[in-house]
Amino acid sequence: MYPSLKVLNQSKNGILTFCNQSKLFQLVYNNLCFEFYEWELEAFDKHLTSLDMEYWNRAMPYAPTSRKTPISVGNKCFVILVNKAEVKEIKSLLQTQSPTVELISTKDIDYSFIEN
């Protein structure tokens, strides 16, 4: 690992790092990679906070995918579709304060149980 690179937060599907040399934050989530200056990271965080998840679930009830919430990334031709759990995980990655442990319920686990 580079000595100027500092890991700020990490989750199952992503990592948030900061580079002291370039002064850039790098958010890697699944196969997406974002590089932000501090003001851009704050604007992205505000944008995620302002997303109306319920609106998009109602607006696109027959979408062929479970990912219905669009995140615009600056180019009109490129939109990222995410679901509620992914937005929640990305928001938690952007929180660099000490994390609190959140317990999940059984309905939050996406698993098909097959009894033999």
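## Some remarks on the sheet that holds strand β1 (residues 5-10)
Working step 1: Read across the open sheet, the 4 strands follow the order β1-β2-β3-β4; overall the sheet is antiparallel. The open sheet has two edge strands, β1 and β4 (32-36), and neither has a second partner. Put simply, the sheet's adjacent strands are angled 20 degrees from each other on average, direction ignored.
Working step 2: With 6 bridges connecting them, strand β2 (residues 14-19) and strand β3 (residues 24-29) associate as antiparallel partners. The residue bridging Ile15 from the neighbouring strand is Val28, located in β3.
Working step 3: Along the sheet, helix α1 (residues 38-50) contacts β3 and β4; its crossing angle with β4, the most-contacted strand, is approximately 125 degrees.

## Some details on helix α3 (residues 84-94)
Working step 1: Looking at α3, one finds that the buried residues are Glu86, Val87, Glu89, Ile90, Leu93 and Leu94. For α3, the buried positions fall inside an angular range of 165 degrees around the axis, keeping them on one side. The exposed set on the far side of α3, more than 90 degrees from its buried face, consists of Lys84 and Ala85.
Working step 2: Here the buried face of α3 lies against β1, β2, β3, α1, α2 (53-59) and β6 (79-82).
Working step 3: Put simply, Asn83 is the residue that caps the front of α3, since its side-chain oxygen is 3.2 Å from the backbone nitrogen of Ala85.

## Digging into the pairing of strand β5 (residues 69-72)
Working step 1: The pairing of β5 with β6 spans 4 bridges and is classified as antiparallel. In the strand pairing of β6, Thr69 is matched with Val82.
Working step 2: Between the end of β5 and the start of β6, which pair antiparallel, lie 6 residues, with Gly74 showing a positive phi angle near 105 degrees.

Calculation notes
- Residues numbered from 1 in each chain as written.
- Predicted model: local features only at pLDDT ≥ 70, side-chain atom pairs only at ≥ 80, totals over all residues.
- Heavy atoms only, no water.
- Pairing = 2+ DSSP bridges.
- Helix = DSSP H or I, 4+ residues; strand = E, 2+ residues; numbered from the N terminus.
- Axes fitted to C-alpha atoms, helices over the stretch in contact; angles between N-to-C directions.
- Contact = heavy atoms within 4.5 Å.
- Buried < 20%, exposed > 50% of the residue type's maximum accessible area, 1.4 Å probe, protein only.
- Arc of directions from axis to C-beta.
- Polar contact = N/O pair within 3.5 Å; in protein donor to acceptor, adjacent residues only side chain to side chain.

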